[in-house]
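Each chain, letter by letter, is given below.
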Amino acid sequence: MTWNGGRTTWNGEELDIAAYLGRIGYGGEVKPDLATLRALHRAHVDSVPFENLEIMLGRPVLLDLAALQDKMVRQRRGGYCYEQNLLFAAALERIGFTVKGLAARVRAGASSTRAVTHMLLDVEADGEHWHCDVGFGADGLLEPVPLRTGAAMPQDVRQGEWRYGVAAEEEGVRVLRTERSDGWFDLYAHTTARCLPVDYVVMNHYSSTHPGSPFVRRPVLQRAGFDVRRRLIGARLTRTRPDGSVDEREVPVDELRLTMLREFGVELDDDDFARLVRVHYPGA
């Protein structure tokens, strides 16, 4: 294993890399090449769910590496985009990858232009730049896609049975899309302008506190997968499969804790779960 040494952007030298690799269940060779990048991306997405429960529990979302390791590695919790991609960036930097932070406007069915609030990564491997994102949720990438422009831009990328596409717009904007049963669905739009960790502190403050943020209204848990995409929004559990079939049901509060664990791998302690139910599932 190597480390690029010197001054770092993502504090990779502070990461307990062995604990992180254990958390995501990765036991393969670790070196800064494309094969490793793909395998790490898959393992992280498969192991660390998207969730906003710190906000729902009335606690701040902390982005320093010590807090990220404690929550997602030691406590085996999940997180949303800044938490997950910052942890992933630190791991990649620790291994020896060159990592650049990017930001996007989430579309995902929006009827108006949203602010730039999503974090993703530009990672160099095998002489190319790769679009990595382990923190978008159920519709998110399972593996990196090439970060190219113009005619070389990927138009159709298959990951398992899912299809993703990248479209070009004016002023260097790239749009990540996924195919649904009714056609292509825009996930988010981004450029390749560099963002620094302090930029995500500002975005995180908006996402975790502003009344217009979707993450302050109700519990959101999501998990991407090669065979099914899972969402728990409030008490509604949805499973979507590549053939377009969807299973939906309301989860009774007495099944909520087990559902969170079985479907998303999220386990809260007794006090936190009781507070979550009391505040966000009134009348239970």
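Up top is the structure.
Within helix H4 (residues 65-74), 7 of the 10 residues are buried, which leaves the element mostly enclosed by the surrounding structure. The complete set of buried residues in H4 reads Leu65, Ala67, Leu68, Gln69, Lys71, Met72 and Val73. Its buried side turned inward, H4 meets helix H1 (17-23), strand E1 (50-51), helix H3 (53-56) and helix H5 (81-95). Just downstream of H4, Arg76 is the residue with a positive phi angle, here 60°.

It is worth spelling out the sheet that holds E1 at this point. Taken in spatial order, the 5 strands of this open sheet run E1-E10-E11-E12-E13, and their pairing is antiparallel. At either end of the open sheet lies a strand with only one pairing partner, and these are E1 and strand E13 (246-250). The pairing of strand E12 (residues 236-240) with E13 spans 5 bridges and is classified as antiparallel. Bridging from a neighbouring strand, Leu237 pairs with Arg249 of E13.

This next bit is on the sheet that holds strand E9 (residues 183-190). One open sheet accounts for 8 strands, arranged E5-E4-E3-E2-E9-E8-E7-E6; its pairing is antiparallel. Each edge of the open sheet is held by one strand with a lone partner, namely strand E5 (145-146) and strand E6 (157-159). Sheet topology places strand E8 (residues 174-180) next to E9; 7 bridges connect them, and they run antiparallel. By the bridge assignment for E9, Arg180 is matched with Gly183. Each of strand E2 (98-106) and strand E3 (116-125) touches helix H6 (residues 197-209); the most contacted strand, E3, lies at about 145° to it.

Conventions and cut-offs
- Residues numbered from 1 in each chain as written.
- Predicted model: local features only at pLDDT ≥ 70, side-chain atom pairs only at ≥ 80, totals over all residues.
- Heavy atoms only, no water.
- Buried < 20%, exposed > 50% of the residue type's maximum accessible area, 1.4 Å probe, protein only.
- Helix = DSSP H or I, 4+ residues; strand = E, 2+ residues; numbered from the N terminus.
- Contact = heavy atoms within 4.5 Å.
- Pairing = 2+ DSSP bridges.
- Axes fitted to C-alpha atoms, helices over the stretch in contact; angles between N-to-C directions.

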